[in-house]
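Structure at a glance
If you want the building blocks of each chain, they are given just below.
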Amino acid sequence: MTTPIRTVIIDDHPLVIVGARATIDTTSDIVCVGAAGTGADALALIKETGPDVSVIDIALPDMSGLTLAEQILKQQLSAYVVVMTIYPERSYAQQALQIGVKGFIQKCSAPEHLLLAVRSVTHGGLYLDPPTAQELTRAAPSPGSRALKAAGVPGLTRREQDVLRLVALGYSNKEIGARANVSVKSIETYKARATEKLQLHTRAQIVHFALTHGWMSAV
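Below you will find a few notes about this structure. These numbers were taken from a predicted model, which means no experiment stands behind them. (Residues numbered from 1 in each chain as written. Predicted model: local features only at pLDDT ≥ 70, side-chain atom pairs only at ≥ 80, totals over all residues. Heavy atoms only, no water.)

In this section: the packing of helix α9 (residues 173-180) against helix α10 (residues 184-198). Running from amino to carboxyl end, α9 crosses α10 at an angle of 105°, the nearest separation of the two axes being 8 Å. As judged from the angle between their axes, α9 and α10 are roughly perpendicular. Seen from α9, the contacting residues are N173, K174, I176 and G177; seen from α10, they are V184, I187, E188 and K191. Considering only residue class, the contact of α9 with α10 consists of three nonpolar, two polar and three charged. (Axes fitted to C-alpha atoms, helices over the stretch in contact; angles between N-to-C directions. Helix = DSSP H or I, 4+ residues; strand = E, 2+ residues; numbered from the N terminus. Parallel < 35°, antiparallel > 145°, perpendicular 65-115°, else oblique. Contact = heavy atoms within 4.5 Å. Nonpolar A, V, L, I, M, F, W, Y, C, P; charged D, E, K, R; others polar.)

What follows is the structure in structure tokens.
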């Protein structure tokens, strides 16, 4: 029997926690091992329980959820973070992606998106719910990306495109190397060449480029 994915819910609204727990309780492959309403309590809870996935609201009473997410990931307290928020602005999703968050969902989304996000990140992918994906695709592309899209030719080799797509989906260089059966150093080279050609300087720009070119389907 597969071990359930262990999660914690961090939100200062009790009803949100109740709803998230109820959604998780409908599954057999995900369990909630705790909940907290502040960043300080969340850090203590996560250190105690060691969850696979931390689901975090952006607006906490004592700190930004993004600050909390960054601390969790830097200290490796939880393998993955999913951000859940009422704020639709793409800047929040962009900041989250830049610090290493692998899942971003809005509270207006259907409950099943929480489950999809948790499952996706634990399988090495990146999950953006439909409202977030739509918001990110409205972002203005970089000058280099715009020119390439207008020309209809991304300007990448097949291997560079495959590597960049997997980067956008949230895979690490090591994981991509294992999939492609090449060294991590080679993956880093392909990624560097691709981002230089496309003038993509941040993770958010890579994800946006992938979204606008239809690369974000499951692999």
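Even without being glycine, Q76 reaches a positive phi, approximately 55°. Residue position: Q76 is located in the loop between α3 (65-74) and β4 (80-85). Located in the positive-phi region is Q199, a residue other than glycine, with phi close to 55°. Given the relative accessible area of 38%, Q199 is considered partly exposed. (Buried < 20%, exposed > 50% of the residue type's maximum accessible area, 1.4 Å probe, protein only.)

Its 15 residues give α10 an end-to-end C-alpha distance of 21 Å, which sits within 8% of 21 Å, the value for a rise of 1.5 Å per residue. Turning to α10, its buried residues are I187, A194, T195 and L198. Projection of α10 onto a plane perpendicular to its axis shows the buried side chains occupying an angular sector of 95°, all on one side. Facing away from the buried side of α10 by over 90 degrees, the exposed positions are K185 and E196. Q199 lies just past α10 and shows a positive phi near 55°. (Expected span 1.5 Å × (residues − 1). Arc of directions from axis to C-beta.)

Turning next to the environment of R179. Mapped onto the elements of the fold, R179 is located in helix α9. Taking the C-alpha atoms as reference points, R179 and L166, separated by 13 residues in sequence, lie 9.9 Å from one another.

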